[in-house]
Amino acid sequence: MPHFRKTLSEKKEMMKTWLPILLCWFAYTTAYLGRFSYSSNINPIIEDLGINHATAGLVTTLFFIAYGAGQLVNGMLCRRYNKRVVIALSLILAAICNIIFYVGIPFEYVKYLWLINGLVQSTIWSTMIYLLSITLEKKDLKKAIVFMTSSVAAGTFISYGLSSVLSIFHAYKLAFLVGAFALLFSAVLWFCLYTKAFKSDKQVKEEEQKTSTSKSPVTPMLIATIVALSIFAVIHTVIKDSLTNWLPSILYEKFGLKNSLSIFLTLFLPLLGMFGAKLNIILRKYVKSFITMSGIWFAVAVIFIDAVILFINTSLWPLIVISFALINLVMFSVNNLVTSMTPLYMRDEINAGFLSGLLNTFACVGVSLSSYGIGAVADFFGWNGVLYLLLILCIVSILIAMIMSAIEKKQK
């Protein structure tokens, strides 16, 4: 009987830890299905409608402008929301946007539809990070960091995998319908399990009052760290999303691979990216500075971008895919540092929801630049020009990391 009580107690403790993490993971994974339903099908859309790269990229640019602006606002206000209702409603509205695209809408209005999609989805991430920061104990933060980052990789993987299969049958629009149903199911699940997974509104308010009085004072070094991380947020998303959004086009235009095969090969990018958070957990044992860790990952990216430049004009496309996958892996590591690890580990210094929303806002600036800007660079300078641009951005990041690391050491 004592053994049974102990086992039951352990199960309750596991449920207390894992239910909020898994609920957030599932909701954010399905959010990506409703977000990437467009960008994962950008090649078939370009062919079907006869538009250029820049015009097609403008849709995702407007999505992330709205998403980024919304992140900033929601990061500041998320602690005041009825989180059960707001996230469920956001998932439902994102589903409606996908259904409208599936049913049919003139393309000139799609950018406005995706602008709305970005706005409603902007409530999700910062609110979830804030919830996890006040719900989980410190020992469970590593689990949240790994799982929440894997939700980005899993959502991207599923979205591109589905699009790869559907493109074989020339039925890319079904990706929008599948994404919509996944979002609706996720909204119902979130609404039903929220009370069991998270603290009551009264407990949340008590926790907010307690943590707000225990926060460390804002210092110039803290501000400088946030500024550096904001720059890294812009640059890493330009690189990461350039690879995810445009690798199918590169493989199709440079090597003549079919759209279905190009999209299928792109699946390797988010699949490897799932290990980015785990790499950060390992690296943090040896390097405590988030700035230095970021600099290390940008230095690794330089090596593999050089490899792509070396092989881009050959017939060795498998080496291109492998190099892109490894670049994506280290950029996912930076993404994890910026959007998950830093806000959760710095929760005693600054509100995790606000910091996550702020850094995500800058990340969205990078996504916007990668969607429209990289497409425009490709139109004017070709894919070689894009690669050299990504290389320069990595070098700039390394220089910033070196300067900030030197300042950190001097202060210590």
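Here the structure is a predicted model, which is why all the values come from computation and not from measurement.

On to the overall build of the chain. Of the regular secondary structure elements, the chain holds 16 helices and zero strands. Counting all 412 residues of the chain, 58% fall into the buried class. Accessible surface computed for the chain: about 17,500 Å², of which carbon and sulfur atoms make up 71%.

The next subject is the packing of helix α13 (residues 276-283) against helix α15 (residues 317-345). Orientation of α13 relative to α15, taken along the N-to-C sense of each, is 75°, at an axis distance of 8 Å. Judged by the angle between their axes, α13 and α15 are roughly perpendicular. Note on element contacts: α15 touches α13 through L329, S333, N336, L337 and M341, opposite G276, A277, L279, N280 and I281. Broken down by class, the residue content of the contact of α13 with α15 amounts to six nonpolar, four polar and no charged.

What follows concerns a positive patch on the surface. Together, K142, K278, K285 and K288 make up a region of like positive charge exposed at the surface. Looking at the element boundaries, K278 is found in helix α13.

For helix α4 (residues 83-103), which comprises 21 residues, the first-to-last C-alpha distance of 30 Å matches the rise-based estimate of 30 Å (1.5 Å per residue) to within 8%. Within the span of α4, buried status applies to K83, I87, A88, S90, L91, A94, A95, C97, N98 and F101. Taken from the residues just after α4, G104 is the one with a positive phi, measuring 125°.

Summed over the entire model, instances satisfying the criterion amount to 16 aromatic pairs. When the ring of Y38 is compared with that of F101, the centres are 6.5 Å apart and the planes differ by 85°; the resulting orientation is edge-to-face. Of this pair, Y38 sits in helix α1 (residues 2-39) while F101 sits in helix α4, and the two are 63 residues apart along the sequence. Relative accessible area serves as the criterion here: at 6%, F101 is assigned to the buried category. Between W190 and Y194 the ring centres are 5.8 Å apart and the planes differ by 45°, which places this aromatic pair in the tilted class.

On average, residues of the chain carry a pLDDT of 81, and 85% of them reach 70 or more. Of all the helices and strands in the chain, helix α9 (residues 201-214) carries the lowest mean pLDDT, 51, while α4 carries the highest, 93.

It is worth spelling out empty space enclosed by the protein at this point. One pass over the structure, following the stated rule, counts five cavities of 30 Å³ or more. As a volume, the largest cavity reaches approximately 180 Å³. Lining the largest cavity are 17 residues, and of these Y28, Y32, R35, N335 and N360 lie nearest its centre. Among the secondary structure elements, those contributing two or more residues to the lining of the largest cavity are α1, α3 (53-77), α10 (220-255), α15 and α16 (352-411). Class assignment for the residues of the lining of the largest cavity results in 10 nonpolar, four polar and three charged. Approximately 50 Å³ is the volume attributed to the second largest cavity. Around the second largest cavity sit 11 residues that line it, and S242, L243, I250, F324 and V386 are the ones nearest its centre. Elements that contribute at least two residues to the lining of the second largest cavity include exactly α10 and α16.

Thresholds, definitions, all that
Residues numbered from 1 in each chain as written. Predicted model: local features only at pLDDT ≥ 70, side-chain atom pairs only at ≥ 80, totals over all residues. Heavy atoms only, no water. Helix = DSSP H or I, 4+ residues; strand = E, 2+ residues; numbered from the N terminus. Buried < 20%, exposed > 50% of the residue type's maximum accessible area, 1.4 Å probe, protein only. Areas by Shrake-Rupley, 256 points an atom, 1.4 Å probe, with all protein chains shown as cover. Axes fitted to C-alpha atoms, helices over the stretch in contact; angles between N-to-C directions. Parallel < 35°, antiparallel > 145°, perpendicular 65-115°, else oblique. Contact = heavy atoms within 4.5 Å. Nonpolar A, V, L, I, M, F, W, Y, C, P; charged D, E, K, R; others polar. Patch = residues over 30% accessible without salt bridge, like charges linked within 9 Å, V, L, I, M, F, W, Y side chains within 5 Å. Salt bridge = Lys/Arg side-chain N within 4 Å of Asp/Glu carboxyl O. Lys, Arg positive; Asp, Glu negative; His and termini not counted. Charge placed at Lys NZ, Arg CZ, Asp CG, Glu CD. Expected span 1.5 Å × (residues − 1). Phe/Tyr/Trp six-rings, centres within 6.5 Å; stacked < 30°, edge-to-face > 60°. pLDDT = per-residue confidence, 0-100. 1 Å grid on protein atoms, 1.4 Å probe; cavity = no way out; pocket = protein on both sides within 12 Å on 5 of 7 lines; lining within 4 Å. Points joined across faces, edges and corners; volume = space filled by probe spheres on them.

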